[in-house]
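Architecture and fold: a report
In case you want the letters, here they are:
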Amino acid sequence: MNGRIEKRLPTSVPVYLASLDEPRSRERTLTENVSPHGARVISQRYWQSGEESLIAPLKGGTAVGRQIYSFLKGGERFCLGVEFQDRTGKWGEHSNA
């Protein structure tokens, strides 16, 4: 099978994004889309594939993710493909804000 099993919803959710190595150094940003298993997040920096992050929606909840891809979106912003390690699907419930 090629492609995604589930569709990501185009949803802009305000989140805090931080590296697990430096959780206090976080940035406030937005998602472009979300699913119970992952999200595309906008970042001010390039992230290495496999790097782990902490994503916290401003309305509560937290997800630990692993970077699948990172590419330059334009200007000085990057798109990150993040796969959530805890696949309960509950993080996506916060995305309807």
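Preceding this section is the structure that the text describes.
Our subject in this report is the structure included herewith. (Residues numbered from 1 in each chain as written. Predicted model: local features only at pLDDT ≥ 70, side-chain atom pairs only at ≥ 80, totals over all residues. Heavy atoms only, no water.)

1. Here we look at the overall build of the protein
The helix and strand inventory of the protein stands at 0 helices and 6 strands. Listing every helix and strand of the protein by position from the N terminus yields β-β-β-β-β-β. Across the 97 residues that make up the protein, the buried fraction comes to 39%. Counting only contacts in the protein whose residues sit at least 6 apart along the sequence, the fraction spanning at least 24 positions is 52%. Accessible surface computed for the protein: about 6100 Å², of which carbon and sulfur atoms make up 48%. (Helix = DSSP H or I, 4+ residues; strand = E, 2+ residues; numbered from the N terminus. Buried < 20%, exposed > 50% of the residue type's maximum accessible area, 1.4 Å probe, protein only. Contact = heavy atoms within 4.5 Å. Areas by Shrake-Rupley, 256 points an atom, 1.4 Å probe, with all protein chains shown as cover.)

2. Re the side chain of S19
Relative to the assigned elements, S19 resides in strand β1 (residues 14-19). Looking at S19, its side chain comes within polar contact range of the main-chain nitrogen of D21, at 3.1 Å. Once residues lying within four places of it in the same chain are set aside, the contact partners of S19 are R45, W47, E51, E52 and S53. (Polar contact = N/O pair within 3.5 Å; in protein donor to acceptor, adjacent residues only side chain to side chain.)

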